[in-house]
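# Observations on chain architecture
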Amino acid sequence: GDRLKSIDSNIAPYEKLWHGVYQFKILLKSWRTDPLQTINPDTVEVETENLRKIFVKCQRHFRASLISEPLKVTQTLIEEVAEFLNKEYPLIENVCTPGLRVRHWEDIKSILGKSFIVTEKTNIKDLIKLKVHESVDKIEDICQNAAKEFAVEKLLDKMVEEWGGVVFETKEHKDTETFILKAID
């Protein structure tokens, strides 16, 4: 019983590490190659932070256990996560908003001084090849405005849906000859 628990507690950090490595590599490939409109920046941030926490816990365990090879792996992974968060995530956060329309992309291309075509298959890897990630600060306002416009559009759609069936009846005001709303029963 105790021996089995001891073995399990010794193996668990390795299992967490290798599962985390696998998951991180799969997610990175997906985030880099999936079409922009299919990526949710909030999910990317949460999943990346969860993996970073796993790697930090593993690093602590291997450092305390003086196990050097897995410690090197965890340090490398933590650096890779930090690089992703610094280089690619800001780009994902900005260009993977559902409100980014053709007119916004035209503004982005104009600001960057680059000519490229954005299709439904465009992905982060394509934009990194164009070095768009190096100018995220220049396109941030456009992307944030696109997200705000999208939120307003959604609110307007909801209002139209909610008020669509409502009929307002009017009647002529007796003194001013203008029309006013009739009382609703």
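Our structure's up above, just so we're on the same page.
Residues numbered from 1 in each chain as written. Predicted model: local features only at pLDDT ≥ 70, side-chain atom pairs only at ≥ 80, totals over all residues. Heavy atoms only, no water.

Right, let's talk about the pattern of salt bridges for a bit. The final tally for this structure, using the stated rule, is 8 salt bridges. The residue Glu 80 makes a salt bridge to Lys 25 at a minimum N-O spacing of 2.7 Å. With Glu 80 in helix H3 (residues 68–87) and Lys 25 in helix H1 (residues 2–33), this pair connects stretches of sequence that are 55 residues apart. Judged by its relative accessible area of 26%, Glu 80 is partly exposed. (Salt bridge = Lys/Arg side-chain N within 4 Å of Asp/Glu carboxyl O. Helix = DSSP H or I, 4+ residues; strand = E, 2+ residues; numbered from the N terminus. Buried < 20%, exposed > 50% of the residue type's maximum accessible area, 1.4 Å probe, protein only.)

If you look at the biggest cluster of nonpolar residues, it comprises 38 residues, and the most contacted ones within it are Ile 92, Val 95 and Ile 124. In this structure Ile 92 touches Trp 31, Ile 39, Pro 41, Val 44, Phe 84 and Ile 124, once residues within four positions along its chain are discounted. (Core = buried A, V, L, I, M, F, W, Y, C linked by side-chain atoms within 4.5 Å. Contact = heavy atoms within 4.5 Å.)

It is worth spelling out a negative patch on the surface at this point. Taken together, Asp 42, Glu 45, Glu 93, Asp 137, Glu 140 and Asp 141 make up a surface patch of like negative charges. One can find Asp 141 in helix H7 (residues 136–163). (Patch = residues over 30% accessible without salt bridge, like charges linked within 9 Å, V, L, I, M, F, W, Y side chains within 5 Å. Areas by Shrake-Rupley, 256 points an atom, 1.4 Å probe, with all protein chains shown as cover. Lys, Arg positive; Asp, Glu negative; His and termini not counted. Charge placed at Lys NZ, Arg CZ, Asp CG, Glu CD.)

Helix length check: helix H2 (residues 41–64), at 24 residues, gives a terminal C-alpha distance of 35 Å against a target of 34 Å (1.5 Å per residue), a fit within 8%. Within H2, burial applies to Pro 41, Val 44, Thr 48, Leu 51, Phe 55, Val 56, Cys 58, Gln 59 and Phe 62. The distance from a side-chain oxygen at the start of H2 to the backbone nitrogen of Asp 42 is 2.8 Å, and the residue carrying that oxygen is Asn 40. (Expected span 1.5 Å × (residues − 1). Polar contact = N/O pair within 3.5 Å; in protein donor to acceptor, adjacent residues only side chain to side chain.)

Attention now goes to the layout of surface pockets. Within this model, the largest pocket holds a volume of roughly 220 Å³. Around the largest pocket sit 15 residues that line it, and Gln 37, Leu 100, Trp 105, Val 118 and Thr 119 are the ones nearest its centre. Looking at which element gives the most residues to the lining of the largest pocket, the answer is helix H5 (residues 102–112), with 4 residues. Along the lines of polarity and charge, the residues of the lining of the largest pocket split into 8 nonpolar, 4 polar and 3 charged. (1 Å grid on protein atoms, 1.4 Å probe; cavity = no way out; pocket = protein on both sides within 12 Å on 5 of 7 lines; lining within 4 Å. Points joined across faces, edges and corners; volume = space filled by probe spheres on them. Nonpolar A, V, L, I, M, F, W, Y, C, P; charged D, E, K, R; others polar.)

Once that is clear, we can look at the environment of Ile 111. Structurally, Ile 111 is set in helix H5. By relative accessible area, Ile 111 is classed as partly exposed at 41%. In contact with Ile 111, other than residues within four places in its own chain, are Lys 138 and Ile 142.

We now examine a nonpolar patch on the surface. Taken together, the side chains of Val 152, Leu 155, Leu 156, Met 159, Trp 163, Val 166, Phe 168, Leu 181 and Ile 184 present a nonpolar region at the surface, about 940 Å² in accessible area. Of the residues forming the nonpolar patch, the biggest block, 5 residues, is contributed by H7. Topologically, Met 159 is positioned in helix H7. Of the residues examined, Met 159 reaches a relative accessible area of 45% and is grouped as partly exposed.

What follows is about the packing of aromatic side chains. Scanning the model with the defined rule gives 5 aromatic pairs in all. Plain terms: the ring middles of Trp 105 and Phe 116 are 6.3 Å apart, the flat faces sit at 80° to each other, and that makes the pair edge-to-face. With Trp 105 in helix H5 and Phe 116 in the loop between H5 and helix H6 (124–129), this residue pair connects regions lying 11 residues apart in the sequence. (Phe/Tyr/Trp six-rings, centres within 6.5 Å; stacked < 30°, edge-to-face > 60°.)

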